[in-house]
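Chain and residue survey
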Amino acid sequence: MARYGRILVGFLLALGLSYGGQAQAQTLKAIKARGVLNCGIGTGLAGFGLADAGGTWKGVNIDFCNALAAAIFDDASKVKFVSLSSKDRFTALQSGESDLIAATTTWTMSRDTILGLNFRAVFYYDGQGFMVKKALNIKSARELSGASICIQQGTTTELNTADYFRKNNMKFEPVTFATNNEATEAYESGRCDVFTTDQSGLYAERLRFKNPSEHVVLPETISKEPLAYAVRHGDDQWFDIVSWVQYALVTAEELEVTQANADEMRKSTNPDIRRLLGVEGSFGQALGLGNDWAYKVIKTAGNYGEIFERHLGQQSSMKIARGQNALWSNGGLQYAPPIR
């Protein structure tokens, strides 16, 4: 009986895996049939995703979605940007309104499990901080007891703030808003003493103020905020595609493949570069894409370092140092599995 039992279990597992694979690989099929990628982004944050005066979205997350569209359609323009508030983004993904969340979304256990999401590798390592008006002469977050704090609803920011003040036996008055814009405008107008969000967001929002130099970001980082793209549970193929587009961007920087030299690099004898650019192997087929998928990604957006510098780093108005977001080989945390 044991032998027959093992055979039956093996048969059922094989049947389940086969059926499940067919049932789950639906997102890419739906995107191709629709003819456009629905990319869920935030309501607007400099460096990550913000519409310019002409209505064109720009930022790290925008470049990623354009690169993803290039990998699928060989056309980076086949993207519909779906602007979502923090409280609506998860529902929009679950309902199919968006194909992924490409916003400043923190990867947490509850979101990864209870909400039915799958997060990809961290594209930006961040942490929450506080900003105050310089005139208050506050030098540390430990001096904020009793302060009123502007906070966006539906974010990890609310819980982090409450935890920080409770741990330090301090009190505060939360002033909550539905959108990031409302929270920052309220802070700038004086409705609260402090504005809190991710450190990158503080620097981005300060640039929008009438007098940025009148505001200071306090030195404390009170949380870990691993920002990652999210897809729905249940579609391993789509999960893999989103994953490997990001990994390709990091790998390209490691191998010094850029938007400008990608064509020339296809002539390289380096096997890692040849596999990345689709000259050798058939790795794209495993994703349901062409074998030159990563080449198209890099020609569209450049490598991870180029994207970072263009929107967040020294080539941008943000001037954020790479820090933890440098490559692992340069003392940072950005690391990609090999294409092999």
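Summary of the structure given here.

Cut-offs and rules
- Position numbers for residues start from 1 in each chain and track the written sequence from start to end.
- Thresholds applied to this predicted model are a pLDDT of at least 70 for local features of residues and 80 or more for the giving and counting of side-chain atom pairs; totals over whole chains, interfaces and linings are not thresholded and use all residues.
- With hydrogens and water excluded, all non-hydrogen atoms of the structure serve as input to the side-chain values.
- Strand pairing is assigned whenever DSSP detects at least two bridges linking the two strands.
- In this description a helix means any DSSP run of H or I spanning at least four residues, a strand means any run of E spanning at least two, and both kinds are numbered starting from the N terminus.
- Note on geometry: axes are C-alpha line fits, over the in-contact stretch for helices, and angles between N-to-C directions span 0 to 180 degrees.
- The contact criterion used is simple: two residues touch if any of their non-hydrogen atoms lie within 4.5 Å.
- Summary of the burial criterion: residues with accessible area below 20% of their type's maximum are buried, those above 50% are exposed, and those between are partly exposed, where the area comes from a 1.4 Å probe applied to protein chains only.
- By convention, a stacked pair of Phe, Tyr or Trp rings (six-membered ring in the case of Trp) has centres within 6.5 Å and planes under 30 degrees apart, an edge-to-face pair has planes over 60 apart, and any other such pair is tilted.
- As a reminder, the over-ring test applies to NZ of lysine and CZ of arginine, requiring each to be within 6 Å of the ring centre and within 35 degrees of the ring normal.
- Only buried Ala, Val, Leu, Ile, Met, Phe, Trp, Tyr and Cys residues count toward a nonpolar core, and they belong to the same one when joined by side-chain atoms within 4.5 Å.
- An angle counts as roughly parallel when it lies under 35 degrees, as roughly antiparallel when it exceeds 145, as roughly perpendicular when it falls between 65 and 115, and as oblique in every other case.
- Under the scheme applied here, ten amino acids are nonpolar (Ala, Val, Leu, Ile, Met, Phe, Trp, Tyr, Cys and Pro), four are charged (Asp, Glu, Lys and Arg), and all others, including Gly, are polar.
- Salt bridges are counted wherever a side-chain nitrogen of Lys or Arg sits within 4 Å of a carboxyl oxygen of Asp or Glu.
- Count a disulfide wherever a pair of cysteine sulfur atoms falls within 2.5 Å.
- Pairing of N or O atoms within 3.5 Å defines a polar contact, subject to two protein rules: one partner must be a possible hydrogen donor and the other a possible acceptor, and residues neighboring in sequence count only if both atoms are side-chain atoms.

**Here's the deal with the sheet that holds strand 9 (residues 172-177)**
With mixed pairing, five strands are arranged side by side in an open sheet as 9-8-10-7-11. Looking along the sheet, the strands with just one partner apiece sit at the ends: strand 9 and strand 11 (215-217). Within the sheet, the average angular offset between the axes of one strand and its neighbour, ignoring direction, is 30°. Judged from the five bridges that link them, strand 7 (residues 128-133) and strand 10 (residues 194-198) form a sheet pairing that is antiparallel. Its bridge partner being in strand 10, Met131 is matched across the sheet by Phe195. Contacting strand 7, strand 10 and strand 11, helix 8 (residues 199-206) crosses the sheet at an angle of about 125° to strand 10.

**So, the pairing of strand 1 (residues 37-41)**
Burial of strand 1 is extensive: five of the five residues sit out of reach of the surface. Where burial is concerned, the two faces of strand 1 agree: the one with Leu37, Cys39 and Ile41 and the one with Asn38 and Gly40 are both buried. Here five bridges tie strand 1 to strand 4 (residues 79-83), and the two strands are oriented parallel to one another. Directly across from Asn38, in strand 4, lies its bridge partner Lys80. Bridge count between strand 1 and strand 5 (residues 100-101): two bridges; the pairing is parallel. Bridge pairing in strand 5 links Cys39 to Leu100.

**Comments concerning the packing of aromatic side chains**
On inspection of all chains with the given rule, the structure shows 15 aromatic pairs. Judged by centre distance (4.3 Å) and plane angle (25°), the ring pair of Phe64 and Tyr229 falls under stacked. With a gap of 165 residues between them, Phe64 in helix 3 (residues 60-73) and Tyr229 in strand 12 (residues 225-232) connect regions that are remote in the sequence. With respect to burial, Phe64 and Tyr229 carry one shared label: buried. Aromatic side chains Tyr304 and Phe308 sit 6.4 Å apart centroid to centroid with 40° between the ring planes, which places their arrangement in the tilted category. In this pair, Tyr304 and Phe308 are both assigned in helix 14 (residues 304-311), four residues apart and thus about one turn of the helix distant. For the pair shown, Tyr304 and Phe308 are each scored as buried. A connected cluster of aromatic rings, assembled from ring pairs, spans Phe48, Phe64, Phe123, Tyr124, Tyr229, Tyr304 and Phe308. The positively charged end of Arg266 is found above the aromatic ring belonging to Tyr295, 4.3 Å away from the centroid.

**Details of the nonpolar core**
Leu68, Leu100, Trp238, Val245, Val257, Leu276 and Trp293 are the most contacted members of the largest nonpolar core, which totals 61 residues. Tallying contributions element by element places helix 3 first for this core, with 10 residues. Apart from the residues within four sequence positions on either side, Leu100 is in contact with Leu37, Asn38, Cys39, Gly40, Phe64, Leu68, Leu93, Ala230, Val231, Trp238 and Val242. Core analysis: the next-biggest nonpolar cluster, separate from the first, contains 14 residues, Phe130, Val132, Leu144 and Leu218 among them.

**Points about the packing of helix 9 (residues 236-254) against helix 14**
Put simply, helix 9 and helix 14 touch, their axes get as near as 6 Å, and they point 95° apart. In terms of their interaxial angle, helix 9 and helix 14 are classed as roughly perpendicular. Taking contact as the criterion, the partners of Leu249, Val250 and Glu253 in helix 9 are, on helix 14, Tyr304, Gly305 and Ile307. Looking at the contact of helix 9 with helix 14 residue by residue, the class counts come to four nonpolar, one polar and one charged.

**Let's talk about the pattern of salt bridges**
Under the defined criterion, the tally for this structure stands at 12 salt bridges. A salt bridge links Asp263 to Lys299; the shortest N-O distance between them is 3.0 Å. One end of the pair, Asp263, is in helix 10 (residues 262-265); the other, Lys299, is in helix 13 (residues 293-301), with 36 residues separating them in the sequence. Note on Asp263: relative accessible area 38%, which makes it partly exposed. A salt bridge links Glu280 to Arg274; its shortest N-O distance comes to 2.7 Å. According to the relative accessible area criterion, Glu280 is partly exposed, its value standing at 33%.

**Structural notes on the state of the cysteines**
One pass over the full model with this rule turns up two disulfides. Disulfide partner of Cys39: Cys65, at an S-S distance of 1.8 Å. Note that Cys39 is positioned in strand 1 and Cys65 in helix 3, a separation of 26 residues in sequence. Assessed through its relative accessible area of 0%, Cys39 is described here as buried. Among the residues examined, Cys65 registers a relative accessible area of 0% and is labelled buried. Across the disulfide from Cys150 sits Cys192; the S-S distance is 1.8 Å. Between Cys150 and Cys192, the S-S dihedral sits near -110°, and the bridge is therefore left-handed.

**Some details on the environment of Asn303**
Along the chain, Asn303 turns up in the loop between helix 13 and helix 14. Between the C-alpha atoms of Asn303 and Thr258, which are 45 residues apart in sequence, the distance is 5.7 Å. Setting aside anything within four residues of it in sequence, one finds Asn303 in contact with Leu249, Ala252, Glu253, Val257 and Thr258. Reaching out from Asn303, the side chain makes a polar contact with the backbone nitrogen of Gly305 at a distance of 3.0 Å.

Note that all results are geometric; they support no functional claim without further evidence.
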